[in-house]
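# Notes for the structure review
What follows is the residue order along each chain.
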Amino acid sequence: MIFRMFRLRVLNTIAPVYFFAATTVTFIFYFYFFIPTIFQRPDVSLKVSTVIHSAVFLYLMLNALGNYVMAIKYPAESSHETMIRVCSADCSDKIDAHYLLNGCHFCKLCQKTILRRDHHCFFTGNCIGNRNMRYFIMFCIYTSCTCLYSLVLGVAFLTVEYNISFENPLTFLTLLPFSTGYFFLGVISGMQFFLVLMLYVWLGIGLVCAGFCCQQVLLVARGQTYCQMKQGQLVESHSSWKENLSDVFGSRWALGFVLPMQTVETFPEDTAAKHHKHD
Ligand SMILES: [Zn+2]
């Protein structure tokens, strides 16, 4: 048990570092390789394309990073000092959290009582609950878009710079094994091999984030949490899906879709406590 907790703590430290490293690498690839190579060629009318692609990329990044910060800035924890930390009869003493008597969870990693806890996100090093779920979902959406957009430009870069054709759909399946072999044989450079690896990282993160986001939106619409789903407590929600969504996304939800802004009111404890009955 101690070893498993230690492993979770290590993961909680490594995941944010991995996130920032991948973000930095994406930035460097984008502005030092993709933009100069793909768009700044004499035969292409560049200025407009460069500006549009850079603006789209920066906008996606701004939203991904902005919502990442917001998910941390508005944590799901309870500020209620007297919150009872007594386990309920249903508490299975899970590795990461205790299920408390008052319907909240005590996260062992965060060392905090979490209101309407959904899950612990290792990339933010923070628990996700009702208060920061909106930012987390938007973070997933924009991270997915940024990764898939980078993937498209990465493919374009390989085509322009190294004459690799992606007309055959099977190219993407054989690219990694061939590139690995060619790299160790010294046929291709480390930079080219690293870019190929990044294509798969972008594809993986892009698809995982998109899938995770869909699952979260469905759970939110049903008024349920991932914690409840894992415990097999798929409780029937008393509110309509519209009420459940507006509860999480806030009154200014449309604004929150286009900019990383605070759209969820910071509920007083009493108001937030009304959700406990659904837990
Ligand atoms: Zn936590």
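Quick note: structure is the one above.
Sequence positions are assigned chain by chain, starting from 1 and proceeding in written order. Only residues with pLDDT of 70 or above have their local features reported here, since the model is predicted, and side-chain atom pairs are shown and tallied only from 80 upward, although totals for entire chains, interfaces and linings are computed over all residues.

### What to know about the pairing of strand E4 (residues 117-121)
Across the five residues that make up E4, a large majority, five, are buried. We treat two strands as partners when DSSP finds at least two bridges between them. The helix count covers DSSP runs of H or I at least four residues long, the strand count covers runs of E at least two residues long, and both are numbered beginning at the N terminus. As paired strands, E4 and strand E5 (residues 126-129) are joined by four bridges and run antiparallel to one another. Bridging from a neighbouring strand, His120 pairs with Cys127 of E5. The turn joining E4 and E5, which pair antiparallel and follow one another in sequence, is formed by four residues; a positive phi near 65° is taken by Gly125. Residue burial is a threshold on neighbouring C-beta atoms within 10 Å of the residue's own C-beta, all placed from the backbone, with 20 or more meaning buried, 12 or fewer meaning exposed, and counts in between meaning partly exposed.

### Description of the sheet that holds strand E2 (residues 105-107)
Strand order in this open sheet of three strands is E1-E2-E3, and the pairing throughout is antiparallel. If you trace the sheet from one side to the other, it starts and ends with strand E1 (97-99) and strand E3 (112-114), each paired once. Within this sheet the neighbouring strands show an average axis-to-axis angle of 25°, counted without direction. Relative to E2, E1 is paired through three bridges, and the arrangement is antiparallel. Bridging from a neighbouring strand, His98 pairs with Phe106 of E2. A fitted line through C-alpha atoms serves as each axis, taken over the contacting stretch for helices, and the angle formed by two N-to-C directions is quoted from 0 to 180°.

### Some words on the environment of Phe31
Relative to the elements of secondary structure, Phe31 occurs in helix H1 (residues 2-39). Take Phe31: there are 13 C-beta atoms within 10 Å of it, and that puts it in the partly exposed class. Between the C-alpha atoms of Phe31 and Ser54, which are 23 residues apart in sequence, the distance is 8.2 Å.

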